Amino acid sequence: MESVLEATINEWHASVNDADLRRSAQVVGDPIVVLGPKGAGPITPGQFAEWVERSGITLRPRSWHPVSERLMVVEEDATWPGSGTATRVATVFRVAEGKVTAALRLPDLRQALELAYICREMAATE
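Cut-off values and rules
- Residues numbered from 1 in each chain as written.
- Predicted model: local features only at pLDDT ≥ 70, side-chain atom pairs only at ≥ 80, totals over all residues.
- Heavy atoms only, no water.
- Helix = DSSP H or I, 4+ residues; strand = E, 2+ residues; numbered from the N terminus.
- Buried < 20%, exposed > 50% of the residue type's maximum accessible area, 1.4 Å probe, protein only.
- Contact = heavy atoms within 4.5 Å.
- Areas by Shrake-Rupley, 256 points an atom, 1.4 Å probe, with all protein chains shown as cover.
- Core = buried A, V, L, I, M, F, W, Y, C linked by side-chain atoms within 4.5 Å.

### Focus on the overall build of the protein chain
And step 1. Each helix and strand counted, the protein chain has four helices and six strands in total.
And step 2. Written out in order from the N terminus, the α and β elements of the protein chain read α-α-β-β-α-β-β-β-β-α.
And step 3. Taken over 126 residues, the protein chain has a buried fraction of 40%.
And step 4. The contacts of the protein chain with a sequence gap of at least 6 include a subset with a gap of at least 24, amounting to 45%.
And step 5. Within the structure as shown, the protein chain displays about 7000 Å² of accessible surface, and the carbon and sulfur contribution to it stands at 54%.

Put into structure tokens, the structure is as follows:
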């Protein structure tokens, strides 16, 4: 049986890959914390939907790495309009109440797992 964590991340991928702006805004928290090559910080669901439209990105999951009940690292093949080949990346997802509240994209699985474990340990000491 699929967990809420997995189901939410699957819905996030489906909405982003379908460029469905309404669904993309609905599947994320307010705010959602993002990290990528152009910066990091909290954005609104509307800003997230704008990013989905502007970037044209697709992220195809390749491997799943559970870190905690709320954290999952997903290794993905990313493509953008005009890109000839996929780029392997990894995203740290945090889920709360059926919404993705953080999507932290890193260049590789090792870096994403390191960040996810740090986040898990920080949350455990709150």
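### A few points about the nonpolar core
If you look at soluble globular proteins, the nonpolar side chains tend to sit buried side by side.
And step 1. Of all hydrophobic cores here, the largest spans 20 residues; its most connected members are Ile9, Trp12, Val28, Ile32, Phe48, Phe93 and Val100.
And step 2. When residues of this core are traced back to their parent elements, those giving at least two are α1 (4-17), β1 (28-36), α3 (45-55), β4 (71-79), β5 (87-96) and β6 (99-106).
And step 3. The leading source of residues in this core is α1, at four residues.
And step 4. Apart from residues no more than four positions distant in its own chain, isoleucine 9 is found in contact with Trp64, Met72, Val74, Phe93 and Val95.
And step 5. With twelve residues, the next largest nonpolar core counts Val67, Val73, Leu109 and Ala112 among its residues.

### A look at unusual backbone geometry
And step 1. Proline 31 follows aspartate 30 through a cis peptide bond whose omega is 10°.
And step 2. Mapped onto the secondary structure, proline 31 falls in strand β1.
And step 3. Despite not being glycine, alanine 19 shows a phi value in the positive range, around 55°.
And step 4. Topologically, alanine 19 is positioned in the loop between α1 and α2 (21-26).
And step 5. With phi around 50°, glutamate 97 is a residue other than glycine that occupies positive phi space.
And step 6. With respect to the element layout, glutamate 97 can be found in the loop between β5 and β6.
And step 7. By relative accessible area, which is 82% here, glutamate 97 ends up exposed.

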